[in-house]
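Observations on the model geometry
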Amino acid sequence: MKALLRAGVLAAVLLGHAPFAQAQGVYPNKPITVIAPFAAGGDSDLSARNLANVVPKHLGQPLVVVNRPGASGVIGSQQVRTSPVDGYTLLLARIGSQAITPALDPKTPYQWSDFTFLTVLELNPFVCVVKADAPWKSLTELIEEWKRNPGKLNYASAGEGTIQHLGPQLLFNIIGLSKDTAVHVPYKGGGEATTALIAGQVQFICNNLTTILSHIRNGAFRALMITTTQRLKELPDVPTARELGYPRLEAITGWSALYGPPGLSKDVVARWTEAMQRIAQDPDWLAGNVKIGGIPAVRSPEETEKFAREQYLLYEGLAYSLGLRR
């Protein structure tokens, strides 16, 4: 009788603590939300949905993509930074929101390091293009035009301080030309900047491959240079920055990563690290990257933090040299 009583008490204790044990022990036990801090259809959204497509196979729970655009990604990023530290609200981190914005604006409500780093997902190579009927057949010819006629050509971006703005500025700096070598024309987004080139409002743009790959494939744009370390199979005729003598440009690349709020538990980090090792080999995820023009680049949390620091310091240096630090 006493034994049965003890068993009953033990069962009651265990049942009473079941939710706590479940929350503390088994992760994940419910759907996970990933905040994409830019609008639907953009790089962060495409990357998030590509990841969400395969996560249930590897973690047993859905990954729900929620777009929280605004303030160059700051609104969505800040939401994750202040979220509960339980692993159920994560951030689809992007170069703009996590490296460039904090580097340019010290009033950003978070630092580049104010998150738990989980993994880099993919790189989006930076590519410079002109219209297919433009007179410049190579980057060398375009540079010669810049030197002959400084300030004559225009280039588009998604706004001051974006990668589309800073990439050409770094190139001008590398080849010894002024920041006014070409006229910067800012637009509201990467899509509008691409449309500006199609319409002939500008003469060249440099942007993430993800955004303009389809225009290269259909023959509307001629690609002059890409920042990958080797030529892409999909674009075998496009030379790399290193081939052209500008290896420093390899640092200019779009990227997506997965972050959590600061203080995420080691168990949650380990669970994602294990899952990402499998996702990195998942044919569906790899095929999705090919479709969106991303290069898989899964890294450990430590490697991700190192990469994020290097990217922040790169754009902080550019911000100071160009007088863009606000």
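Scroll up a little and you will see the structure.
Here we summarise the structure given alongside this text.

Cut-offs used in this document
Counting of residues starts from 1 at the beginning of each chain's written sequence and follows it residue by residue. Only residues with pLDDT of at least 70 get local features here, since the model is predicted, and only at 80 or more are side-chain atom pairs given and counted; chain-wide, interface and lining totals rely on the full set of residues. Water and hydrogen atoms were dropped before computing side-chain values, which therefore reflect all heavy atoms in the structure. Strands are runs of DSSP state E lasting at least two residues, helices are runs of H or I lasting at least four, and both sets are numbered from the N terminus onward. Throughout, a residue-residue contact means that at least one pair of heavy atoms, one from each residue, lies within 4.5 Å. In this description, the term disulfide denotes a pair of cysteine sulfurs within 2.5 Å. Any residue under 20% of the maximum accessible area for its type is buried, any over 50% is exposed, and the rest in between are partly exposed; the area is computed with a 1.4 Å probe on protein chains only. A pair of strands is labelled paired if DSSP reports no fewer than 2 bridges between them.

1. Remarks on the side chain of S47
In this fold, S47 is placed in helix α3 (residues 43–52). Dropping the residues within four chain positions of it, S47 is found in contact with L92, L121, E122, S256 and I292.

2. Topic: the state of the cysteines
Tallied over the full model, the rule gives one disulfide. Shown here is the disulfide that connects C128 with C206, its sulfur atoms set 2.1 Å apart. The disulfide joining C128 to C206 has a torsion of about 105° about its S-S bond and is therefore right-handed. Here C128, found in strand β4 (residues 116–131), pairs with C206, found in strand β7 (residues 204–208); they are 78 residues apart in sequence, far enough to count as distant. By relative accessible area, which is 4% here, C128 ends up buried.

3. With respect to the pairing of β4
With 15 of 16 residues buried, β4 is to be regarded as a mostly interior element. In terms of strand pairing, β4 meets strand β9 (residues 253–260) through eight bridges, oriented antiparallel. Bridge pairing in β9 places N124 opposite G254. Pairing of β4 with strand β10 (residues 295–296), which is carried by two bridges, proceeds in the antiparallel orientation.

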